[in-house]
Amino acid sequence: FFAALPCPLGPGGPMIQTGDAYLCNADTRGLFKTIPEFRNHRVKLIAAGWSRILCIAEPVQLVDGPRPQQVLACLEDTAEGMDLYEVPDLDPGEEIRQVAFGGSHALVLTNSGRLHSCGECHYGSLGHGGNKSVTTATVIPALRDRPVKFVAAGPRISLAITENGDVYTWGESLRGELGQFSPLEVVPKFAPLLSRLRVMQVAFGNEHAVACTEGRTCVTWGDNSAGQIGNGHKSARSYKPYEVEGLDLVVAVAAGWGHCAAITGEGDLYTWGLNSHGQLGVGDTDARYAPQCVRGVGGGEVKQVSCGQAMTIVRTSEEIPYIMGKLPAYAKDKQPPVARDAYGLALEPTELPRRVGEDDPDGCALGPLALPLPLPSPSIATVVASNKAILAFARSAVYKVAPKLAPLEGGTTLRMYATGLPHQQLSRQEANPSQWPDGEPPRLIQDMVAVHVRMKAQDPVFDVTVEGRIVDVDPGCSDGRIVECVTPDLTLSPLAPVLALRQVNLRVQITIDGGLTWTEEREDASFEYCKYPQAASHVVPNAAPCDPGTEILIHMQIPPEIPAHDLTVKFHCEPTSTLGNAEDDGDAPTVEDLQGAYHDGNLEDLPVAGPLEMLVAATVDPGGNGVRCSVPPFNKKTFHLYNVTTQVSLDGQRYTAKALPFLIYNVNVMQVVPNLGPLDQKTKVEVVAEGLVKTSVQKARIDFPWEQREVPATYDHTTHSIRFTIRGLEDKIHALQAERDAAAAALRAAEPRPVKEEAA
């Protein structure tokens, strides 16, 4: 069963793409897992059919290295699981455009249009005449002078469409699969009925076929014992093509053992035929004799469909694969043991995925079931299925950029988080310096790959490329890689006049092959350039207690609507004393750090501590006055040993040149005089406190049971006290009492009244 898109990585032939391949089969218990053998490779072509999946790949190109040789790797369903091996016999010595698998043979189409075949020959399926098997890919003589553009294969049948649109079929046709009256052809024979329809794409089931024509209609032929023809009822087999009704603008088709699937131009999926395991995705196991639209395939359009023996797999515009039918799994009596940790807990899922809230049979999905890839934001190029396995290829994609802002002058270290890029880690033995012959660690593959980062703007049009490097693995995603580059200086670029007025959005792409292929251009893989403010003017308030939570506003002019992901305020603490100050020595951080530690020299020569920096996430002031943040906590024992200043950064890296002084204090109220006052008169209050500092804000806050009030206050330097006045509260008390009386009256009115007994 060939994939719906014969050239999934490029309609004009195979396209080299960096990325990761993911397999879903019985060994993965219904989940997609990375195929480690395909890491650090670029994929050229993926195809699947019956029990086999083929992946043609080549190692990534290294700097100053030789051109890598392609590898043809085959994944085959076996009784013991999935077997991975190389198939060099399939290589015809030319660039391969398409591969189609039959039951035990294969068709290989090259970019030049030459068609090769190899494998076991049953009833002339190889097209060389007779019944002789061929071990290596060999040109089919009858089509040597007829360039081919598309091929398909069934159990013991083959099909080719030439550049002129002529259709040739050969092999066994007991149910009319050849599309011809003849039941057997050992060499390619022209099929006039199919050629007249201008067939573009064909998929074979066990004994039937489905095709898409140039007129975007869907035609079927062959067996119809389970409704595969889609004519509304069961009928006898037929070699004559039938145009399926109710399908308009068909763009892709696929076939399973006994069912069919088609995608329309609007992105809808239609299925019909055998439905033994729910492979039609219509919610039950009843066969359908006419196309039925499948509901519940996410919120996007269906972009690709592929069928296995009793399952249907689709890829949507939301980059999510959905499966319908039988999930890849072992029989109950052949379940492999589950890996467990020291506490006996399973290290991986023990149950197959299920549709939430649906009572589907075990191991089956009667409707679309999402099988997302383990990636933050996948960019899926293709999904193909064999009888019992699914392979998905996700091309390289940038899913995160940090920081989201960079200055016009450049110099910011930009970090891009991307999937599908090469990376190598040293083994424990390789990481041992004693194993290094030259005294230097071995070079890793990420150090030998030429990485370039492209930055593109649409308004105004701008495009620049800089060098980058792969530095690490994303700790939050095992398949994610971190790429770093330095933003360029754009002061002399065409963007400079625009950046003087507003920020400009630039989208990021990455290549490791000199620009032959780039990661997909995406809206979320972007950052903005802007003209940074020179300095902040002042802080309000310019002081805060040691306890955290005080909100401050740093006044400065910042560009409107800037990304605030990396907006940061730095509190820089510079020590003001040395250890020679006996009064402060006991609480000095350095003294605590040096207890029992070796040091050379006198403690008096050491500073109390080195400069300390505390970084706090900030937000843009809604009023456009600057940046807001909360003051972090300070140690009440040691805060007086430091001078504190604040600076602002829009990208978390570059801070404003001018540091604004900031005071930290620890006020303790010692006495309140008087601590009692009348409700109906003003009361002058004096608060004696320690730890006061001189600031531009002089207020006192009074906490009443019903509200908080801030009142002006004055500071007396001679007595170290604060004075303020509390106005009379008679009006407030009367209002509160009136509210309580009204509430009590309403409660009494709601109580039921006793009924008086009537006199006899």
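Residues numbered from 1 in each chain as written. Predicted model: local features only at pLDDT ≥ 70, side-chain atom pairs only at ≥ 80, totals over all residues. Heavy atoms only, no water.

Q: So what's going on with the sheet that holds strand β23 (residues 302-307)? Residues and values would help.
A: A sheet is described by the order of its strands in space; here 4 strands give the open sequence β23-β24-β25-β26, paired in antiparallel fashion. Of all strands in the sheet, those bounded by a partner on one side alone are β23 and β26 (364-370). Averaged over all neighbouring strand pairs, the angle between strand axes comes to 10°, with direction disregarded. For strand β25 (residues 321-326) and β26, the ladder comprises 4 bridges, and the chain directions are antiparallel. Directly across from Lys326, in β26, lies its bridge partner Cys364. (Pairing = 2+ DSSP bridges. Helix = DSSP H or I, 4+ residues; strand = E, 2+ residues; numbered from the N terminus. Axes fitted to C-alpha atoms, helices over the stretch in contact; angles between N-to-C directions.)

Q: Lay out the layout of surface pockets with the relevant residues and their values.
A: Approximately 1200 Å³ is the volume attributed to the largest pocket. Along the walls of the largest pocket sit 34 residues, with Tyr665, Val667, Lys699, Ala700 and Arg701 positioned nearest its centre. At the level of secondary structure, the elements contributing two or more residues to the lining of the largest pocket comprise β38 (543-545), β46 (668-673), β47 (683-690), β48 (699-703), β50 (714-716) and β51 (721-726). Looking at which element gives the most residues to the lining of the largest pocket, the answer is β48, with 4 residues. (1 Å grid on protein atoms, 1.4 Å probe; cavity = no way out; pocket = protein on both sides within 12 Å on 5 of 7 lines; lining within 4 Å. Points joined across faces, edges and corners; volume = space filled by probe spheres on them.)

Q: Break down the packing of aromatic side chains for me, citing the residues and quoting the values.
A: Summed over the entire model, instances satisfying the criterion amount to 5 aromatic pairs. Pairing Tyr168 with Phe190 gives two aromatic rings, centres 5.8 Å apart and planes at 65°, and the pair type is edge-to-face. Placement of Tyr168 in strand β13 (residues 167-172) and of Phe190 in strand β14 (residues 184-190) is noted, with a sequence separation of 22 residues between them. By relative accessible area, which is 36% here, Phe190 ends up partly exposed. Between the aromatic rings of Phe181 and Tyr239, the centroid separation amounts to 5.8 Å while the plane-to-plane angle is 80°, which identifies the pairing as edge-to-face. Residue Phe181 is found in the loop between β13 and β14, and its partner Tyr239 is found in strand β18 (residues 238-243); the two are separated by 58 residues along the sequence. Given a relative accessible area of 25%, Tyr239 falls into the partly exposed group. Over the face of the ring belonging to Tyr655 we find Lys570, whose NZ or CZ atom lies 4.3 Å from the ring centre. (Phe/Tyr/Trp six-rings, centres within 6.5 Å; stacked < 30°, edge-to-face > 60°. Buried < 20%, exposed > 50% of the residue type's maximum accessible area, 1.4 Å probe, protein only. Lys NZ or Arg CZ within 6 Å of the ring centre and 35° of its normal.)

Q: Before we move on, could you go through the pairing of strand β49 (residues 708-712) and cite the residues and values that matter?
A: Side chains Arg709 and Val711 of β49 all project onto a buried face; the interleaved residues Gln708, Glu710 and Pro712 project onto a face where none is buried. Here 5 bridges tie β48 to β49, and the two strands are oriented antiparallel to one another. Opposite Ile702, over in β49, you have Arg709 as the bridge partner. What sits between the antiparallel neighbours β48 and β49 is a turn of 4 residues.

Q: Any details on the environment of Ala236? Residues and values, ideally.
A: Relative to the helices and strands, Ala236 resides in the loop between β17 (218-222) and β18. Take Ala236: its relative accessible area is 61%, and that puts it in the exposed class. Put simply, Ala236 and Gly222 are 14 residues apart on the chain and 8.8 Å apart in space, counted from C-alpha to C-alpha.

Q: Tell me about the sheet that holds strand β9 (residues 115-119), residues and numbers included.
A: Read from one edge of the open sheet, 4 strands run β7-β8-β9-β10, paired in antiparallel fashion. Since the sheet does not close on itself, it has two edges, and those belong to β7 (96-101) and β10 (134-139), each with one partner. Mean inter-strand twist for the sheet, computed between neighbouring axes without regard to direction, equals 15°. Taken together, the 3 bridges between β9 and β10 define a ladder with antiparallel strand orientation. Residue pairing in the sheet places Ser117 in a bridge with Thr138 of β10.

Any functional reading would require information that these geometric values do not contain.
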